[in-house]
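Residues per chain are reported as follows:
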Amino acid sequence: MRRPDWQPLEYRTFKHKNPKMEFFCPLCGTKRAFHSTPRLSPKNYLQLVLSSLLVGAALAPLMGARSYFVFFVFWAIFEAAVRMNFRKDIPCPHCGFDASWYKKDVKMARKIVHDFWATKQPNAQMQEKINEFDEGQMPPPQQNSSNPYASY
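Residues numbered from 1 in each chain as written. Predicted model: local features only at pLDDT ≥ 70, side-chain atom pairs only at ≥ 80, totals over all residues. Heavy atoms only, no water.

K.L.:
Summarise helix 4 (residues 106-118); cite the residues concerned and give the values.
P.N.:
With 13 residues, helix 4 should reach 18 Å at 1.5 Å per residue; the first-to-last C-alpha distance of 18 Å fits that figure. Buried within helix 4 are the following residues: A109, V113 and W117. All buried residues of helix 4 project into a common sector of 70° when viewed along the axis, lining one side. For helix 4, the exposed residues lying more than 90 degrees away from the buried face are K107 and A118. Against the buried residues of helix 4 lie helix 3 (99-104) and helix 5 (124-135). (Helix = DSSP H or I, 4+ residues; strand = E, 2+ residues; numbered from the N terminus. Expected span 1.5 Å × (residues − 1). Buried < 20%, exposed > 50% of the residue type's maximum accessible area, 1.4 Å probe, protein only. Arc of directions from axis to C-beta. Contact = heavy atoms within 4.5 Å.)

Laid out in C-alpha coordinates, this is it:
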(Lines give C-alpha, C1' and ligand atoms only; values in the text may rest on other atoms or scores of the structure.)
Protein backbone atom coordinates (compact mmCIF):
# COMPACT_ATOMS: atom_id res chain seq x y z
CA MET A 1 0.00 0.00 0.00
CA ARG A 2 1.27 3.41 -0.82
CA ARG A 3 0.95 6.17 1.68
CA PRO A 4 -0.15 9.53 0.31
CA ASP A 5 3.09 11.10 1.56
CA TRP A 6 5.32 8.44 -0.03
CA GLN A 7 8.43 10.02 -1.54
CA PRO A 8 11.27 7.87 -2.89
CA LEU A 9 14.80 9.15 -2.58
CA GLU A 10 15.23 9.26 -6.32
CA TYR A 11 12.75 9.43 -9.17
CA ARG A 12 13.58 7.50 -12.29
CA THR A 13 12.81 9.50 -15.40
CA PHE A 14 13.83 6.64 -17.65
CA LYS A 15 12.85 3.00 -17.97
CA HIS A 16 15.51 0.35 -17.65
CA LYS A 17 15.82 -1.61 -20.87
CA ASN A 18 15.33 -5.36 -20.48
CA PRO A 19 15.92 -5.66 -16.73
CA LYS A 20 16.12 -9.18 -15.33
CA MET A 21 14.44 -8.02 -12.12
CA GLU A 22 12.67 -4.82 -11.03
CA PHE A 23 11.76 -4.01 -7.45
CA PHE A 24 11.53 -1.26 -4.85
CA CYS A 25 14.14 -0.93 -2.13
CA PRO A 26 12.45 -2.03 1.12
CA LEU A 27 14.12 0.73 3.15
CA CYS A 28 13.99 3.84 0.97
CA GLY A 29 11.37 2.90 -1.63
CA THR A 30 13.49 3.81 -4.66
CA LYS A 31 12.80 1.81 -7.80
CA ARG A 32 15.72 -0.50 -8.60
CA ALA A 33 16.52 -2.88 -11.44
CA PHE A 34 19.05 -5.64 -12.02
CA HIS A 35 20.41 -6.32 -15.47
CA SER A 36 22.24 -9.49 -14.49
CA THR A 37 21.40 -12.70 -12.67
CA PRO A 38 23.48 -14.80 -10.28
CA ARG A 39 23.31 -17.73 -12.73
CA LEU A 40 25.40 -18.50 -15.77
CA SER A 41 23.70 -17.64 -19.04
CA PRO A 42 23.96 -19.64 -22.28
CA LYS A 43 26.45 -17.03 -23.49
CA ASN A 44 28.61 -17.69 -20.40
CA TYR A 45 28.52 -21.44 -21.06
CA LEU A 46 29.65 -20.83 -24.65
CA GLN A 47 32.51 -18.66 -23.40
CA LEU A 48 33.36 -21.32 -20.83
CA VAL A 49 33.50 -24.13 -23.41
CA LEU A 50 35.53 -22.10 -25.90
CA SER A 51 38.01 -20.95 -23.25
CA SER A 52 38.49 -24.44 -21.86
CA LEU A 53 38.92 -25.91 -25.37
CA LEU A 54 41.54 -23.30 -26.21
CA VAL A 55 43.53 -23.78 -23.00
CA GLY A 56 43.04 -27.56 -23.13
CA ALA A 57 44.41 -27.66 -26.69
CA ALA A 58 47.39 -25.53 -25.65
CA LEU A 59 48.14 -27.86 -22.71
CA ALA A 60 47.48 -31.10 -24.65
CA PRO A 61 51.12 -31.65 -25.70
CA LEU A 62 52.19 -31.48 -22.07
CA MET A 63 49.32 -33.23 -20.31
CA GLY A 64 47.49 -35.22 -22.96
CA ALA A 65 43.74 -35.75 -22.59
CA ARG A 66 43.91 -34.71 -18.93
CA SER A 67 44.37 -31.11 -20.06
CA TYR A 68 40.65 -30.87 -20.86
CA PHE A 69 39.82 -31.14 -17.15
CA VAL A 70 40.65 -27.44 -17.10
CA PHE A 71 36.94 -27.08 -17.99
CA PHE A 72 36.01 -27.64 -14.33
CA VAL A 73 38.52 -25.04 -13.13
CA PHE A 74 37.15 -22.51 -15.60
CA TRP A 75 33.59 -23.40 -14.61
CA ALA A 76 34.36 -22.57 -10.98
CA ILE A 77 36.05 -19.31 -11.99
CA PHE A 78 33.15 -18.26 -14.24
CA GLU A 79 30.58 -19.15 -11.58
CA ALA A 80 32.42 -17.16 -8.91
CA ALA A 81 32.88 -14.15 -11.21
CA VAL A 82 29.19 -14.02 -12.21
CA ARG A 83 28.02 -14.32 -8.61
CA MET A 84 30.44 -11.66 -7.36
CA ASN A 85 29.34 -9.32 -10.15
CA PHE A 86 25.69 -9.81 -9.15
CA ARG A 87 26.44 -9.44 -5.44
CA LYS A 88 28.10 -6.05 -5.87
CA ASP A 89 24.84 -4.69 -7.36
CA ILE A 90 22.63 -5.81 -4.45
CA PRO A 91 23.25 -2.92 -1.98
CA CYS A 92 21.03 0.09 -2.62
CA PRO A 93 23.17 3.02 -3.79
CA HIS A 94 20.70 5.48 -2.23
CA CYS A 95 20.28 4.15 1.32
CA GLY A 96 22.89 1.40 1.74
CA PHE A 97 20.40 -1.40 2.43
CA ASP A 98 21.85 -4.81 1.51
CA ALA A 99 19.19 -7.50 1.22
CA SER A 100 21.70 -10.36 1.17
CA TRP A 101 23.13 -9.28 4.55
CA TYR A 102 19.63 -8.71 5.92
CA LYS A 103 18.75 -12.27 4.98
CA LYS A 104 21.83 -13.65 6.78
CA ASP A 105 22.33 -11.32 9.75
CA VAL A 106 20.01 -8.44 10.62
CA LYS A 107 22.47 -6.84 13.04
CA MET A 108 25.17 -6.72 10.38
CA ALA A 109 22.68 -5.24 7.89
CA ARG A 110 21.84 -2.51 10.39
CA LYS A 111 25.53 -1.81 10.88
CA ILE A 112 26.04 -1.51 7.11
CA VAL A 113 23.18 0.98 6.82
CA HIS A 114 24.57 3.00 9.76
CA ASP A 115 28.02 3.03 8.19
CA PHE A 116 26.49 4.21 4.91
CA TRP A 117 24.60 7.04 6.59
CA ALA A 118 27.52 8.02 8.81
CA THR A 119 28.92 10.10 5.96
CA LYS A 120 25.54 11.38 4.72
CA GLN A 121 22.86 13.55 6.28
CA PRO A 122 19.46 11.85 5.82
CA ASN A 123 16.28 13.89 5.62
CA ALA A 124 13.64 13.59 8.37
CA GLN A 125 11.56 10.97 6.54
CA MET A 126 14.57 8.75 5.90
CA GLN A 127 15.77 9.17 9.49
CA GLU A 128 12.35 7.96 10.68
CA LYS A 129 12.60 4.84 8.49
CA ILE A 130 16.14 4.16 9.72
CA ASN A 131 14.96 4.43 13.33
CA GLU A 132 12.08 2.02 12.64
CA PHE A 133 14.55 -0.36 11.03
CA ASP A 134 16.88 -0.16 14.05
CA GLU A 135 14.12 -0.75 16.57
CA GLY A 136 12.85 -3.78 14.68
CA GLN A 137 9.45 -2.14 14.21
CA MET A 138 9.61 -2.25 10.45
CA PRO A 139 6.30 -3.81 9.39
CA PRO A 140 6.42 -6.90 7.17
CA PRO A 141 5.74 -6.25 3.49
CA GLN A 142 2.10 -6.32 2.49
CA GLN A 143 1.06 -9.01 0.07
CA ASN A 144 -0.94 -7.61 -2.84
CA SER A 145 -2.24 -10.85 -4.34
CA SER A 146 -3.91 -13.93 -2.96
CA ASN A 147 -1.04 -16.09 -4.29
CA PRO A 148 1.21 -16.91 -1.30
CA TYR A 149 4.16 -17.56 -3.63
CA ALA A 150 3.98 -14.23 -5.44
CA SER A 151 6.86 -11.89 -4.79
CA TYR A 152 5.95 -8.70 -3.01
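K.L.:
Explain the environment of E132 to me, and be specific about the residues and the numbers.
P.N.:
Within the fold, E132 resides in helix 5. The spacing of E132 and L27 is 105 residues in sequence and 9.8 Å in space, taken between C-alpha atoms.

K.L.:
Outline the pairing of strand 2 (residues 31-34), listing residues and values.
P.N.:
As paired elements, strand 1 (residues 21-24) and strand 2 share 4 bridges and run antiparallel to each other. Across the sheet, the residue bridging to M21 is F34, located in strand 2. From the end of strand 1 to the start of strand 2, which pair antiparallel, there are 6 residues, and G29 there has a positive phi angle of about 80°. (Pairing = 2+ DSSP bridges.)

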